[in-house]
Amino acid sequence: MQSTTKTPRIRSFSLARGRVIGGKYVVESLLGGGWEGEVYRVTERRTGASRAAKLFFPQRNNDDKAVTFYARKLESLRACPIVLKYHHSESFRFRGAPVTVLISEFVEGRIIDDLIDSSPGKRLPEYEALAIFYNLAVGLEQIHAEREYHGDLHSGNVLVKRRGVHFDVKLVDLFDLGKPSRAHAQYDVVALVRLLYDMLGGQRWYAAQRDEIKKIICGLRQSLILSRYPTARRLREHLDQFEWRSSGA
Ligand SMILES: Nc1ncnc2c1ncn2[C@@H]1O[C@H](COP(=O)(O)OP(=O)(O)O)[C@@H](O)[C@H]1O
Ligand SMILES: [Mg+2]
């Protein structure tokens, strides 16, 4: 059913540092923005705890559908370490309009877009790309084991933090494609392979990749990817076991 009240259009909140949200959270900085809204780093006034606050543009969140979907999905995946942890939702008024805010853990790290942009040649070193890719495959396998899917896996929705030789990886921004299904899980697998391609420099560097890498990316041919790796589990198993034949490995 359509909502009877007219939804106000908001293109940007542009909240200043120090602005208070819902009486409880103080804005520290803008973390990012996208199609659905803007995300700020905030401090909880009572405890000083750092949190992330995603403010939904009302026109992307009719009847709170988007925020409710996101919150429920995060909550149902709370056992998956790769998924952002949900805290609760808040409402506040922005220029007189009610806006819903999703409060979650604050994830330290950088989105993969930024990592790629700041790397020489606009591509990550092969080891880094493979380490991040492997962690994502493990994470997707767990999400799919819960009969769920991500739905919008790309370089703007993955946060990465280096720790020693490791890369901690978190997924944000799960998307509603409808009831969980095998097709949605496979869509995630193809999106993940595409992400490896992007991390390794995309089209510009593809021809120069080693055979082992091409065997994973399959020239981005979806049917070939899915015939080799019909599930995230099969992809992860491949990554655990394949033989390096290229020189220098
Ligand atoms: N919990 C979080 N901690 C740190 N940064 C975050 C968090 N959630 C989102 N971000 C940042 O904000 C950006 C936009 O958030 P996202 O949920 O992807 O919004 P949109 O749906 O508008 O794309 C992300 O690309 C990421 O950089
Ligand atoms: Mg996003």
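Values in this document were obtained by computation on a predicted structure and should not be read as measured data. (Residues numbered from 1 in each chain as written. Chains lettered and ligands numbered in written order. Predicted model: local features only at pLDDT ≥ 70, side-chain atom pairs only at ≥ 80, totals over all residues. Heavy atoms only, no water.)

Counting its regular elements, the chain contains eight helices and nine strands. Expected size for 249 residues packed as a compact globule is a radius of gyration near 18 Å; at 20 Å, the chain falls within 12% of this value. By principal-axis analysis of the C-alpha atoms, the chain measures approximately 65 × 40 × 30 Å. Across the 249 residues of the chain, 47% fall into the buried class. Intrachain contacts of the chain at a sequence separation of at least 6 include 60% that bridge at least 24 residues. Within the chain, the 29 negative side-chain charges are centred at a point lying 3 Å from the centre of the 40 positive side-chain charges. (Helix = DSSP H or I, 4+ residues; strand = E, 2+ residues; numbered from the N terminus. Rg over C-alpha atoms; globule rule 2.2 N^0.38 Å. Buried < 20%, exposed > 50% of the residue type's maximum accessible area, 1.4 Å probe, protein only. Contact = heavy atoms within 4.5 Å. Lys, Arg positive; Asp, Glu negative; His and termini not counted. Charge placed at Lys NZ, Arg CZ, Asp CG, Glu CD.)

With that settled, consider the sheet that holds strand E4 (residues 50-56). If you trace the six strands from one edge of the open sheet to the other, you get E1-E2-E3-E4-E6-E5, paired in antiparallel fashion. Each end of this open sheet is capped by a strand with a single partner; those strands are strand E1 (20-21) and strand E5 (86-94). Of the pairings in the sheet, the one linking E1 to strand E2 (residues 25-33) comprises two bridges and is antiparallel in character. Bridge pairing in E2 places Val 20 opposite Val 26. Sheet strands in contact with helix H1 (residues 65-76) are E4, E5 and strand E6 (97-105), and its direction is about 15 degrees off that of E6. (Pairing = 2+ DSSP bridges. Axes fitted to C-alpha atoms, helices over the stretch in contact; angles between N-to-C directions.)

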